[in-house]
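# Commentary on secondary and tertiary structure
These are the residues of each chain, in order.
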Amino acid sequence: MTDTVAKPDSSGNTAPPSAFPWHRSRASKARNIANLREAARKRLPRGIFDFIDGGAEDEVTLQANSAAFGRHRLMPRVLVDVSKPDLRSTILGSGRGLPFAIGPTGGMGFVWPRGDLALARAAADADIPFALSTTSSVSIEDLRERIDGPLWFQSYIFRQCDFTEKLIRRADAADYEALIITVDLPVGGNRERDYRNDFAVPFRLTGRNVLDFALHPEWVYTTLRRGYPRFGNMEDFVPSHDSSTVASTVGRNYDPSFSWDGLKRIRDLWPRKLVVKGVVHPGDAAALADLGADAIVVSNHGGRQLDGAPATLDALAAVKAAVSGRADVLLDGGVRRGSDVFKALALGADAVMIGRATLYGLAAAGQFGAERAVSILRQELTRTMQLCGATSIDSIDAQYLMP
Ligand SMILES: Cc1cc2nc3c(=O)[nH]c(=O)nc-3n(C[C@H](O)[C@H](O)[C@H](O)COP(=O)(O)O)c2cc1C
């Protein structure tokens with residue numbers, strides 16, 4: 001049976017739990033995303049924190065994503081009336097409150113019960129899109145029922161083509177406005193922190209992770225009070241409701257042979273906006289625009305897949321040139337400040353996707369923390385625009401960067 005209806009916890013509750021007052025207080029005091037990351041680190045068991053924070057192998061690409069933002073200097077223009085900066089933006093052809101979306105991240109049930117719903121509420125509140133991962137804690141239909149805001153669905157590609165197709169048809173039936181196909185995960189990245197922490201699928205209790213959980217009783221209580229985290233979209237993939245079995249089966253069934261013909265079939269199947277995520281090569285970007293993709297996300301999966309891949313900000317200009325206006329170009333990876341959003345837009349991105357920044361907020365204090373992350377990014381972007389003399393999102397361009 002597809003999980004089209006939310007599974008309540010033992011108290012009959014289907015909403016994400018509220019944060020305890022001390023979580024809220026810590027998130028309220030956070031001045032920036034780094035403070036939220038610290039609060040997340042304190043609340044989560046080490047294995048879970050490293051699962052969201054870590055990258056592949058030596059984490060060279062993970063570091064490079066952030067470092068690339070640090071290399072660009074802003075060039076302010078002065079004597080501009082910046083009393084009312086306008087942050088309204090167009091993303092995939094629709095007017096939105098801010099120039100960013102919350103990107104797809106799987107496994108959120110381990111971070112906060114029904115974490116995807118908490119993130120989606122934070123996004124809807126800010127009038128920005130939320131992208132639901134294939135491996136989300138809530139199902140496509142469950143989320144649609146509860147969220148009025150713009151939703152996108154991200155699909156991985158399974159060896160079982162009919163299952164992938166079924167997911168895509170479900171997203172269409174539930175009125176998701178865009179489909180994201182993630183193409184940088186033909187096989188899983190080599191995430192060594194997960195091995196070190198015994199955070200693996202199928203999940204096994206070991207001395208190390210039992211001790212880790214024992215040192216974080218609030219997380220254990222908050223997480224397990226709602227039952228073991230589930231994978232809302234996958235419950236008819238294998239005849240098992242044990243999410244650890246589901247997760248390991250899912251991971252083993254991604255299709256490494258997926259290529260251009262498969263993507264063409266998906267383009268024909270999906271009638272709305274098609275977004276392809278995980279591209280850094282300009283040749284691929286040009287071919288995707290030819291194929292009819294509506295948007296391309298310059299992304300290296302937040303440094304979690306191919307270690308040694310270029311920083312996304314460094315790859316952006318060439319992708320933008322190759323696409324030459326035929327598709328929108330979005331960027332993710334390493335965005336931790338409003339000024340990072342500004343720099344990406346100045347270098348040609350049409351919009352940005354947020355990954356870990358909102359996850360740190362979610363991990364620190366559920367929906368409250370995710371909203372705090374969005375609000376920090378909004379405030380920082382507003383101030384950066386004012387200090388740079390930019391009055392609207394559309395007006396942000398290369399003049400604001402040191403050549
Ligand atoms: C914990 C975690 C889970 C993720 N799961 C997915 C996923 O299910 N699908 C996907 O396309 N990308 C996934 N990503 C990648 C993000 O969508 C995004 O590309 C990346 O986080 C951007 O980098 P940033 O976190 O530095 O902003 C995941 C990232 C993280 C941190």
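Per an unreviewed UniProt entry, the recorded name for the protein chain is Alpha-hydroxy acid oxidase, and the organism is Microbaculum marinum. Quoted verbatim from the Sequence similarities (unreviewed entry) heading of the UniProt record, the comment on the protein chain is "Belongs to the FMN-dependent alpha-hydroxy acid dehydrogenase family."

This part takes up the overall build of the protein chain. When helices and strands are counted, the protein chain shows 16 helices and ten strands. Its C-alpha atoms give the protein chain a radius of gyration of 20 Å, near enough to 22 Å, the size a compact globule of 403 residues would have. Summarising its shape, the C-alpha atoms of the protein chain cover approximately 60 × 50 × 40 Å along the three principal directions. Put simply, the protein chain has 403 residues, and 59% of those count as buried. Nonlocal contacts in the protein chain, meaning residues at least 24 apart in sequence, comprise 73% of its contacts between residues at least 6 apart. Working note: accessible area of the protein chain is about 16500 Å², and carbon and sulfur atoms make up 53% of it. The averaged location of the 47 negative side-chain charges in the protein chain is 5 Å from the averaged location of its 49 positive side-chain charges.

Attention now moves to the environment of Trp219. For Trp219, the position within the fold is in helix H10 (residues 217-224). What makes Trp219 buried here is its relative accessible area of 5%. In the structure, Trp219 is positioned 26 residues away from Arg193 in sequence and 20 Å away in space, judged by C-alpha atoms. Not counting the four nearest positions on each side in its chain, Trp219 is found in contact with Arg43, Leu44, Pro45, Ile48, Phe110, Val111 and Phe213.

Turning next to the packing of aromatic side chains. In the structure shown here, the tally under the stated rule is nine aromatic pairs. Consider the rings of Phe158 and Phe163, whose centres lie 5.3 Å apart with planes at 90°: the pair is edge-to-face. Phe163 carries the same exposure label as Phe158, and that label is buried. Here Phe158 and Tyr254 contribute two aromatic rings whose centre-to-centre distance is 5.5 Å and whose plane-to-plane angle is 50°, an arrangement assigned as tilted. Taken together, the residues Phe158 in the loop between strand E5 (151-155) and helix H7 (161-173) and Tyr254 in the loop between helix H11 (243-252) and helix H12 (260-269) connect sequence positions 96 residues apart. What makes Phe158 buried here is its relative accessible area of 0%. By relative accessible area, which is 13% here, Tyr254 ends up buried. In this structure, Arg144 is placed above the aromatic ring of Tyr176, and the distance from its NZ or CZ to the ring centre is 5.9 Å. Note that Arg304 overlies the ring of Phe51, its terminal NZ or CZ placed 5.2 Å from the centroid.

Another aspect to go through is the site of the ligand. Around the ligand, a shell composed of 22 residues is seen, among which Pro104, Ser133, Thr182, Asp332 and Gly334 lie nearest. Between a nitrogen atom of the ligand and a side-chain N or O atom of Tyr156, the distance comes to 2.8 Å. In this structure, a nitrogen atom belonging to the ligand sits 3.3 Å away from a side-chain N or O atom of His301. Look at the ligand: alone it shows 610 Å² of surface, and the protein chains cover 98% of it. Residue assignment for the shell around the ligand shows that the elements contributing at least two residues are helix H3 (46-53) and helix H16 (356-388).

Its place among the elements puts Leu215 in the loop between helix H9 (207-214) and H10. Owing to a relative accessible area of 60%, Leu215 belongs among the exposed residues under this scheme. Distance in space between the C-alpha atoms of Leu215 and Ser18 is 22 Å, their sequence separation being 197 residues.

Mapped onto the fold, Thr222 is located in helix H10. Take Thr222: its relative accessible area is 1%, and that puts it in the buried class. Sequence spacing of Thr222 and Asp328 is 106 residues, and the spatial spacing of their C-alpha atoms is 40 Å. Once residues within four sequence positions are removed from consideration, Thr222 is found in contact with Pro17, Phe20, Arg43 and Pro113. Engagement of the side chain of Thr222 in a polar contact is seen with the side chain of Glu218, the distance being 2.6 Å.

On to the side chain of Asn32. Along the polypeptide, Asn32 turns up in the loop between helix H1 (21-29) and helix H2 (33-43). Looking at Asn32, the relative accessible area reads 15%, which means it is buried. Engagement of the side chain of Asn32 in a polar contact is seen with the backbone nitrogen of Asn35, the distance being 2.8 Å. Once residues within four sequence positions are removed from consideration, Asn32 is found in contact with Arg337, Ile376 and Glu380.

Turning next to helix H14 (residues 312-323). A rise of 1.5 Å per residue sets the reference length of H14, with its twelve residues, at 16 Å; its end C-alpha atoms lie 16 Å apart and thus fit the reference within 8%. For H14, the secondary structure elements touched by its buried residues are helix H4 (60-71), helix H13 (282-291), strand E8 (295-298), strand E9 (328-331) and helix H15 (338-346). Immediately downstream of H14, the backbone of Ser324 shows phi near 40°, a positive value.

Rules and cut-offs
Residues numbered from 1 in each chain as written. Predicted model: local features only at pLDDT ≥ 70, side-chain atom pairs only at ≥ 80, totals over all residues. Heavy atoms only, no water. UniProt positions renumbered as here; feature names shortened; annotations may be inferred. Helix = DSSP H or I, 4+ residues; strand = E, 2+ residues; numbered from the N terminus. Rg over C-alpha atoms; globule rule 2.2 N^0.38 Å. Buried < 20%, exposed > 50% of the residue type's maximum accessible area, 1.4 Å probe, protein only. Contact = heavy atoms within 4.5 Å. Areas by Shrake-Rupley, 256 points an atom, 1.4 Å probe, with all protein chains shown as cover. Lys, Arg positive; Asp, Glu negative; His and termini not counted. Charge placed at Lys NZ, Arg CZ, Asp CG, Glu CD. Phe/Tyr/Trp six-rings, centres within 6.5 Å; stacked < 30°, edge-to-face > 60°. Lys NZ or Arg CZ within 6 Å of the ring centre and 35° of its normal. Near = heavy atom within 4 Å. Polar contact = N/O pair within 3.5 Å; in protein donor to acceptor, adjacent residues only side chain to side chain. Expected span 1.5 Å × (residues − 1).

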